[in-house]
Amino acid sequence: MATGVFSEGRAKIAERTLRTDRWWLQPLITFGVLFSFIIYATWRAFENNYYFIEPLISPFYSPCLSQSCAPGSSLLGHLFPIIHIWGMTFSPALFILIFPLGFRMTCYYYRKAYYRSFWMSPPACAVAEPHSKYTGETRAPLILQNAHRWFFYAGLVFNVLLTIDAVLAFRDKHNNWGHMSVGTLVLLANATFLWFYSLSCHTCRHTVGGRLRNFSKHPMRYKAWTVVSKLNHYHQQFAWISLVGVWLTDIYVREVATHAISNWYFF
Amino acid sequence: MARTLKLRIWRGDDTNGALQDVTVDANPGEVVLDIIHRVQATQMGDLAVRWNCKAGKCGSCSMEINGRPRLACMTQVSAYGEDETITITPLRAFPVIKDLVTDVSFNYKKAMEIPSVEMPADLKPGEARMQQVDVERSQEFRKCIECFLCQDTCHVIRDHEENKKSFAGPRFFIRIAELDMHPLDMLRNRKKQAQEEHGLGMCNITKCCTEVCPEHIRITDNAIIPMKERVVDTKYDPIRWLGSKILKREDLIQN
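Residues numbered from 1 in each chain as written. Chains lettered and ligands numbered in written order. Predicted model: local features only at pLDDT ≥ 70, side-chain atom pairs only at ≥ 80, totals over all residues.

Quick word on the overall build of chain B
- For chain B, the helix and strand inventory stands at 10 helices and 7 strands.
- C-alpha atoms of chain B, sized along the principal axes, occupy 70 × 40 × 30 Å.
- Taking all 255 residues of chain B together, the buried fraction comes to 45%.
- Long-range pairs, those at least 24 residues apart, make up 60% of the contacts in chain B between residues at least 6 apart in sequence. (Helix = DSSP H or I, 4+ residues; strand = E, 2+ residues; numbered from the N terminus. Buried ≥ 20, exposed ≤ 12 C-beta atoms within 10 Å, placed from the backbone. Contact = placed C-beta atoms within 7 Å.)

Right, here's the structure in full:
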């Protein structure tokens, strides 16, 4: 039986959409960038090499918690033993990537982005989606999107750790303090972008004050909510900037670690 | 200088219909509703179109122009190219009555399902007081002109007729959010109602409602997502639930 825009009683129009603009361009670009990142991140997570060179560590591997981590790369110690699967060492990145991945997967902005570009639900506004049934986020697995706040809290911990990584990068390759390199700036920029992305999050906005009924009775939380609301306006932009930031930071650290380029020191 | 405009206007009723080609003059500064009226006056005397204020405030002239839900009175003809054919159809999420007029009674039925504000019983007329900061938040939602463009573009019902039973739609999520954020509202089960009776969980926040809103209400960011987070507080947050039991504070998970 016909459903959607072809349902009984609705205007009989054969086309799924009458939009004449390039509505397909945005989901196509989103798909291309996100898919490229997924391929790159998967490869890097399994590569298990070239993620650390004093004083820089890739955000894909920080905090490095496995006994297989490169010497000097573990900020919090070696919590996990070396695990071998099919003769391959289990990469330290795989212990931690679920948290930033989960944060982005359940992010209210990224949900819009991938529901449109990957699942075409819908591909664009007023463009009929190809699915015959739709239940949204009411049942498994999509009901797990409600866990966003837990990934947000975990993301804050990661932001602190990556900020510490950036501070530790104010050292030279012999661990002497008081130096700054291009890598220091790269790690600082990455941590900054991630803080903006986290603090502009809708869950953050709700937590600091959004859940209140009476702003007037909680002036400090109202002030915090006002600030986060302003950041929240740019959440989409922060989501993309921080994603590209993580990507480029990892590329930079890898290039330095493979000695393809040298980490130039300002002082 | 007047230009000649090529139009395709959908004409028909709930049993049949088709796009009909029309050529009509357009003057500078005119909007699509002006053009429809000219067509009505000169070529199609029985063309059905719903309109009222012609100022973007009554929400009557909602239709789809080149496939996009819009108010005809707020859509400038000059936005379209000289050689472009403008296609005008009725809203495609609702049953058509005739030509460009659709039956939007679905929305009124949904509106009746939402309980209105419940003020404290001991509050006498004239005694209600609210601070400006508390008013401002829901004031945005009061801008809604009930044009139902957000309802029309929402794929949950646009693409799935069967969901109309269990999904209220973005217009009514802003209504629920407005009431749930009301400092004096005593009804405490709005979050539960939003999730279980009005289908808030079906929204996958693809933001089309926000994109088409002629009043620029940030429906998704300021109403739907905050309501989703409030639902998480009450239904999907085990720590808040535990806190409510240990601290004996039911308000932490108020339904």
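On we go.
Observations concerning the interface of chain A and chain B
- Every contact between the two is made by 42 residues of chain A and, on the other side, 49 residues of chain B.
- Elements that contribute at least two residues to the side of chain A that touches chain B include exactly helix H4 (108-117), helix H7 (202-210) and helix H8 (219-232) of chain A.
- When residues in the side of chain A that touches chain B are grouped by element, the largest group, 5 residues, is from H4 of chain A.
- Of the residues in the side of chain A that touches chain B, the class split is 13 nonpolar, 18 polar and 11 charged. (Nonpolar A, V, L, I, M, F, W, Y, C, P; charged D, E, K, R; others polar.)

Considerations on the packing of H7 of chain A against helix H9 (residues 219-235) of chain B
- Here H7 of chain A crosses H9 of chain B at 70°, and the two axes come no closer than 10 Å. Taken together, the axes of H7 of chain A and H9 of chain B are roughly perpendicular relative to one another. Between H7 of chain A and H9 of chain B lies a crossing of right-handed hand. Packed against H7 of chain A, whose contacting residues are His 202, Thr 203, His 206 and Gly 210 of chain A, the element H9 of chain B presents Ile 225, Pro 226 and Glu 229 of chain B at the interface.
- Split by residue class, the contact of H7 of chain A with H9 of chain B holds 2 nonpolar, 4 polar and 1 charged. (Axes fitted to C-alpha atoms, helices over the stretch in contact; angles between N-to-C directions. Parallel < 35°, antiparallel > 145°, perpendicular 65-115°, else oblique. Left-handed = near helix turned anticlockwise from the far one by under 90°.)

Looking at the pairing of strand E5 (residues 85-89) of chain B
Residue and element names in this part refer to chain B.
- Counting buried positions along E5 yields 4 of 5 residues, so the element is predominantly enclosed.
- Note that strand E1 (residues 3-12) and E5 share 4 bridges and pair parallel. Each bridged residue has a counterpart across the sheet, and for Leu 7 the counterpart in E5 is Ile 86.
- Pairing of strand E3 (residues 62-65) with E5 involves 2 bridges; the strand directions are antiparallel. (Pairing = 2+ DSSP bridges.)

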